[in-house]
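One-letter residues, chain by chain:
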Amino acid sequence: MKQAAPNNAVVDPIAKQFAQAIESIDFGETATNAHLSGIDQERVALGLSPVKRAPDDFVEKPDVPSCDACGKSQSGHLICGRCQLAFYCSKDCQIAAWKSQGHKAECSGMKEESQRVAKEVVTVMADTTLSAVARVQGLEQLDSEGPYREAKKVGLNQVIQALMVEDMEHVQKRFTSGDYMERTAFCSSVSCTLFRGGRISRRGVATTRSIDESRVRSYVRSSPDAFCCWLEASLIFVMVPMDRKIFKNKPLHAQLHQSARDILASWNQVFTNERVSKAILFGKGKVAGKKGVERVKFIASKIKWALNGLKEQMDTHDVLEGLLNQLLAMVAFWCQKFQVPLNMPTLVGLRGLKLQMYQQMAVPLGEATIQKGFALNNQEAQAAMQRARR
């Protein structure tokens with residue numbers, strides 16, 4: 001999706017809040033409880049409860065699609081008895097879709113139309129002779145569950161992974177080439193359009209408040225490398241605003257900084273979800289094991305690389321640094337929950353003032369986001385940081 005360039009004359013309220021919070025933090029010594037583990041001691045010192053460990057015998061629940069009427073994620077328990085391709089959260093939504101949203105007219109031909117749309121969208125996505133912008137313009141045609149399910153049958157997840165690999169190799173060149181039809185990041189389009197929650201109710205809105213659990217799990221479990229390609233492509237894109245040539249173009253830099261912020265916010269929503277986090281760390285297994293440890297080390301190495309690549313003057317109000325640290329804190333939370341014996345701040349090499357900022361800001365913000373289940377508003381973020389400073 002295209003992101004609107006922000007007005008530089010307006011101070012971003014979240015960024016301002018972040019900057020003000022840094023100035024008000026007391027970086028003094030904090031007490032610990034000797035009977036707790038090291039990480040849990042840190043959490044108690046921050047005013048947070050120790051993380052309750054997940055049971056070893058959890059039962060995997062089946063994925064549930066979004067509602068095709070209101071767009072609510074993980075709610076489509078009712079299915080249209082005729083076409084078998086429309087899903088709803090309630091009888092009211094099913095009736096509304098039938099009477100006023102067009103399903104009555106499309107139901108009889110739903111399967112054929114879904115197959116047509118799916119094949120067309122996936123074919124265009126895979127066509128390297130087209131411009132980058134043109135290849136992802138049709139993603140909103142997969143908002144409904146019918147076309148999306150048919151698209152998976154014709155290789156959607158495999159094409160998404162191929163697009164991530166292209167981003168890893170070419171995304172920076174697209175924004176420095178001068179060709180406006182190349183100025184897009186596939187990872188951003190997929191994250192903020194195909195994978196976002198509430199696609200139907202929030203159509204046309206650029207921000208991502210939640211992710212579609214079912215779709216993200218389907219993708220990350222589609223191949224051993226699917227998640228790694230997606231994360232690496234995303235973090236490479238986050239580094240694009242750090243390019244000196246782009247920084248000199250102030251409107252382009254502002255737009256790309258906003259887009260980088262949006263994709264990191266999407267990643268924070270990915271790790272808000274317990275079932276998605278399990279899929280990332282466990283794959284199709286029930287315990288993290290050796291693969292989970294290696295996956296966490298991979299995540300830490302990429303976040304470390306991104307943090308080290310940020311340039312203070314190019315990261316407006318240090319927003320990208322704050323979101324990367326929050327992502328780190330959320331992964332660390334799931335490491336504790338799923339008993340992965342690794343310390344994320346240590347893996348990334350945080351120390352001194354950087355570690356204090358992580359502990360007293362990123363950790364409480366990440367914790368509050370996980371507890372809520374989707375993005376915090378300004379008041380909730382402020383309250384989370386105030387609790388940590390008490």
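Residues numbered from 1 in each chain as written. Predicted model: local features only at pLDDT ≥ 70, side-chain atom pairs only at ≥ 80, totals over all residues. Heavy atoms only, no water.

When you go through the protein chain residue by residue, the secondary structure sums to 19 helices and 2 strands. By the burial criterion, 52% of the 390 residues in the protein chain qualify as buried. Here the analysis covers contacts within the protein chain between residues at least 6 apart in sequence; of these, 67% occur between residues at least 24 apart. A total accessible area of about 18200 Å² is found for the protein chain, and carbon and sulfur atoms account for 53% of it. (Helix = DSSP H or I, 4+ residues; strand = E, 2+ residues; numbered from the N terminus. Buried < 20%, exposed > 50% of the residue type's maximum accessible area, 1.4 Å probe, protein only. Contact = heavy atoms within 4.5 Å. Areas by Shrake-Rupley, 256 points an atom, 1.4 Å probe, with all protein chains shown as cover.)

Moving on: unusual backbone geometry. The phi dihedral of glutamine 84 falls on the positive side, at around 65 degrees, and the residue is not glycine. Mapped onto the fold, glutamine 84 is located in the loop between strand E1 (78-79) and strand E2 (87-88). Assessed through its relative accessible area of 44%, glutamine 84 is described here as partly exposed. The phi torsion at aspartate 318 lies on the positive side, around 60 degrees, for a residue other than glycine. Relative to the helices and strands, aspartate 318 resides in the loop between helix H15 (289-309) and helix H16 (319-337).

Here we take up the state of the cysteines. Applying the stated criterion across every chain, the model contains 0 disulfides. No disulfide involves cysteine 93; its nearest neighbouring cysteine sulfur is the one of cysteine 89, lying 3.7 Å away. Here cysteine 192 is not cross-linked by a disulfide; its sulfur's nearest cysteine counterpart is in cysteine 187, at 8.6 Å. For cysteine 192, a relative accessible area of 0% gives the class buried. (Disulfide = S-S within 2.5 Å.)

The next point concerns the environment of glutamate 113. Mapped onto the fold, glutamate 113 is located in helix H5 (residues 110-126). Given a relative accessible area of 38%, glutamate 113 falls into the partly exposed group. C-alpha separation for the pair glutamate 113 and glycine 146, spaced 33 residues apart in sequence, amounts to 9.0 Å.

With that settled, consider the nonpolar core. Among the nonpolar cores identified, the biggest contains 89 residues, and Met164, Phe227, Phe271 and Ile299 are the most heavily contacted of them. Among the elements that make up this core, the one with the highest residue count is H16 (13 residues). With near-sequence residues (within four places) excluded, methionine 164 lies in contact with Phe186, Cys187, Val190, Tyr219, Cys229, Trp230 and Ala233. Cys80, Ala86, Ala97 and Met110 belong to the second-largest nonpolar core, a separate cluster that totals 11 residues. (Core = buried A, V, L, I, M, F, W, Y, C linked by side-chain atoms within 4.5 Å.)

The subject of this paragraph is the confidence of the model for the protein chain. It should be kept in mind that the predicted coordinates are not to be read in detail where pLDDT is low. Per-residue confidence for the protein chain gives a mean pLDDT of 82; residues scoring 70 or more make up 79%. Predicted confidence in the protein chain is weakest over helix H1 (residues 13-24), with a mean pLDDT of 45, and strongest over helix H11 (residues 226-238), with 97. Confidence over residues 201-207 falls short of pLDDT 50; this stretch has 17 contacts with residues more than four positions distant or in other chains. (pLDDT = per-residue confidence, 0-100.)

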